[in-house]
Amino acid sequence: MKLGFLVDLNLCMGCKGCEVACKVENEVPLSSWRLRVKYIDVGVFPDASRNFTPLRCNHCENAPCERICPVSALHYLENGIVNIDNERCIGCAGCMMACPYGAIYMDPETNTADKCTYCAHRIESGMMPACVVACPVEANIFGDVEDDTSHIARYIMEHQGGIQVRKPEKHTDPKHYYVGGGNQTLNPLAHERIEGYGLFNNITHLDHVGDPHHSILDRFLAPFAGHKKADNKSFMDFDQAKAEESHEQEGGH
Amino acid sequence: MLEHGIDATRAVVTMDVALPGIIWGWMITLNMWAKSIGTGVILIGAYLLYRHKKEEMPNLRWLMPLISFIALNVFLLFTLVDLHQPLRMINIFLHPNWTSAITVGAWMASLFTLLVTIMMVIGAFDAFPEFRRHCALAKTAREHSAFYEKIFPFVVFLAIPVTLYTAIIMAESSARDLWQAPTEMMQMLLAAFMAGSAALIFISGEWSKEARKDLALVLAMAVFFSFTMYMGEYFFSFKSAEAEATLEYVHAGGEYNVQFWLAMILGFVIPFFLAVSSMKSENKTLLRFAAVLALVGLYLAKDVWLKIPQMLPLS
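Please read these numbers as outputs of a predicted model, since none were measured by experiment.

Caption draft 1: Structural context of the pairing of strand β3 (residues 47-55) of chain A. Residue and element names in this part refer to chain A. Note that strand β2 (residues 36-44) and β3 share nine bridges and pair antiparallel. Note on β3: the bridge partner recorded for V44 is D47. The hairpin formed by β2 and β3 contains two residues between the paired strands.

The structure is reproduced here in structure tokens:
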């Protein structure tokens, strides 16, 4: 059994229902995401279009995050899911450096690495991942890619030649496929992040990894003394002027 | 390729979440820099002991492990404090994942530090026979003085993988194309030669001219080859689109451009000429100045090379 995911980008309408469902199901903290839908505008008016690309962990068969994790906090389940054990994670961020898809984040509440697990806890109970259930157009297709009769396997066979994975040159053998994607949506080097073009949100880069209010000393004392619970407001204390200045220095990508 | 570039696609991200910035920052730079000193003094010390009589370098036996011990502890301290869950560091020993260079490196570095500590204790008590004459530890150390020479070859052998394992961590960081195993391994080795020779220059005041000349030669050779590799990467890096895009952060100007060239000139070009000229003039001050610049430049260069690949959006 090898569980995989397929997103038909021709169907996705960017409603972000999957993103919200994932946040709720997995209690993903603010400033973090397991699944996100990226909006990319392609072309020049009047020949312009808006593309929506849901991005999540690719559950690679040859996962660099699993290889680099020093304590096997990242590990394979028998069904092919790359799972994570937060209790074992030491927070070295090696997995964040290894994942070519940027799918792993440092949870600001637990200060451990976290990511999409294809809702492994739901799979175990015979349910579908929360994002699949939430999708109003059934753009998210999930199942056993090794079972020829499964929906995902049939979908892949029906769209032969049109199936894409992100960054195949990395030899990670992702088990997350796209139909209807293009270079401009799947290749991060083929699109720009320009200041002022963002809808609703001008914050392009986080200014912290993990808990922003957790000093080096706190990291040692927290298991004994605990630490102040991060609330929503703590993630909104953002120095916008400083962020834009540092972002321009970074080359504006 | 033109058809894949932004000019052709005219693709602009209009809505996305905030991306992480620098994940491994100055603490990892300091970690690598200190480790270069810690293993470098052992490697260069071994070379000097092979080439010269130990009487020509009377303080080497105790100062070499002492410098290494201090540098390794700085390295271990910053490795620990960079973890988001530092108290769980023990999991590396309780639940090791042997495919991870972090695990293999942590085990080797711990063993290396233990052996260097033993050498430091024996070396220091031997160097000062009157110091704490009746202390049990001092007595045991002096009684086992020969153990120093017995473990030294093993320590030298172990210094090589301890130097190199960080390069494998960087290579395992497959999201960052700029870091490739062969280049990084050579750069780590050259960094150890640079840092090791530079650190030993400070204690070489009373050594023979020939030994000091050898130190200057090692420093000059290490900075020359390391500089050549950086230039090769900077100007002729056609490995992948991601590596080229990463180098844009330096090519395009800005703070990393200034830091990179400052590192190259301060830490590599000037020390090369200073070390070569000190070999001719036998000027100790010149050589010490070269050593200081090499250590400062090495830190700056490592810092740039660590940070720029992390600025590229991955998704």
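Caption draft 2: Summary view of the pattern of salt bridges. Scanning the entire structure with this criterion turns up 18 salt bridges over all chains. Note that E282 of chain B is salt-bridged to K209 of chain B, the shortest N-O span being 3.7 Å. One end of the pair, E282 of chain B, is in the loop between α11 (255-281) and α12 (284-307); the other, K209 of chain B, is in helix α9 (residues 209-236), and 73 residues separate them in sequence. The exposure class of E282 of chain B is partly exposed, given its relative accessible area of 42%. Here the salt bridges do not stand alone but share partners, grouping K2, E61, D173 and K175 of chain A into one network.

Caption draft 3: Structural view of the packing of aromatic side chains. Scanning the entire structure with this criterion turns up 24 aromatic pairs over all chains. With a centroid separation of 5.3 Å and 80° between ring planes, the pair formed by Y118 of chain A and F142 of chain A is classed as edge-to-face. Taken together, the positions of Y118 of chain A in the loop between β7 (113-114) and α4 (120-124) and F142 of chain A in strand β8 (residues 140-144) put the pair 24 residues apart, joining distant regions of the chain. With relative accessibility at 8%, the residue F142 of chain A sits in the buried group. Judged by centre distance (6.2 Å) and plane angle (80°), the ring pair of Y230 of chain B and F260 of chain B falls under edge-to-face. In this pair, Y230 of chain B sits in helix α9 while F260 of chain B sits in helix α11, placing the two residues 30 residues apart along the sequence. Exposure class is identical for Y230 of chain B and F260 of chain B. Each is buried.

Basis of the calculations
- Residues numbered from 1 in each chain as written.
- Chains lettered and ligands numbered in written order.
- Predicted model: local features only at pLDDT ≥ 70, side-chain atom pairs only at ≥ 80, totals over all residues.
- Heavy atoms only, no water.
- Pairing = 2+ DSSP bridges.
- Helix = DSSP H or I, 4+ residues; strand = E, 2+ residues; numbered from the N terminus.
- Salt bridge = Lys/Arg side-chain N within 4 Å of Asp/Glu carboxyl O.
- Buried < 20%, exposed > 50% of the residue type's maximum accessible area, 1.4 Å probe, protein only.
- Phe/Tyr/Trp six-rings, centres within 6.5 Å; stacked < 30°, edge-to-face > 60°.

These figures capture arrangement, not role.
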